[in-house]
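Descriptive analysis of the structure
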Amino acid sequence: MATQWNLDQSHSEITFKVRHMMISNVKGSFTNFTAEMQAEDDTFKNAKINATIQTDSISTNSADRDAHLKGEEFFNVEANPQITFETDSLNNEITGHLTMNGFTKPIQLDVDFGGINVDPWGQTKAGFSFEGKIKRSEFGLNWNAALETGGVMVSDDVKIAGELQFVKA
């Protein structure tokens, strides 16, 4: 029988980084997301995770850029209010299907299991870190601008990472 684990959002984060103008990286995050996990045991081998990110919670520390990212040229949050991820397997890596902007693609992420501990209030928690890379063009996020000196405004590769802490139900 599988054990239910729920996301502790106050101790979790999902971030991304993208190359801007071919000279530096711009970081951002999503501030509103949920996840749940079912695991057969405390090794979490082959655990199943379902996660949902609210696209309108994107934050890059720039109101103008965030508005552009929420618009039709990128996430089009009115038509695509959520990004979802469902695992196929969890071992030393996570494989699963990411759905974003109306496109579903298989992805693979490196994962590091931080361990299990009990907090001062008696809650059993498990921690995970993940990182990987996706191509935004595979999800229909194609907006770009050519630069006068060559290259493009925004790279196709997007690095994604996260820190997730789950609470045993």
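For the structure itself, look to the data block above.
Quick summary incoming for the structure in this document. Source: prediction; values computed, not measured.

1. A short note on the environment of A169
Along the polypeptide, A169 turns up in the segment after strand 11 (154–168). Overall, the relative accessible area of 70% leaves A169 in the exposed class. Excluding anything up to four places from it in sequence, A169 contacts Q4, W5 and N6.

2. Digging into the side chain of T95
Tracing the backbone shows T95 in strand 8 (residues 93–100). A relative accessible area of 18% means that T95 is categorised as buried. A polar contact of 3.0 Å, which involves the side chain of T95, links it to the side chain of S89. Not counting chain neighbours up to four residues away, the residues in contact with T95 comprise F85, E86, T87, D88, S89, I107 and Q108.

3. Some points on a nonpolar patch on the surface
A contiguous nonpolar patch, built from M21, M22, I23 and V152 and spanning about 350 Å² of accessible area, is present on the exposed surface. You can see I23 is positioned in the loop between strand 2 (13–20) and strand 3 (24–30).

What counts, and at which threshold
Residues numbered from 1 in each chain as written. Predicted model: local features only at pLDDT ≥ 70, side-chain atom pairs only at ≥ 80, totals over all residues. Heavy atoms only, no water. Helix = DSSP H or I, 4+ residues; strand = E, 2+ residues; numbered from the N terminus. Buried < 20%, exposed > 50% of the residue type's maximum accessible area, 1.4 Å probe, protein only. Contact = heavy atoms within 4.5 Å. Polar contact = N/O pair within 3.5 Å; in protein donor to acceptor, adjacent residues only side chain to side chain. Patch = residues over 30% accessible without salt bridge, like charges linked within 9 Å, V, L, I, M, F, W, Y side chains within 5 Å. Areas by Shrake-Rupley, 256 points an atom, 1.4 Å probe, with all protein chains shown as cover. Salt bridge = Lys/Arg side-chain N within 4 Å of Asp/Glu carboxyl O.

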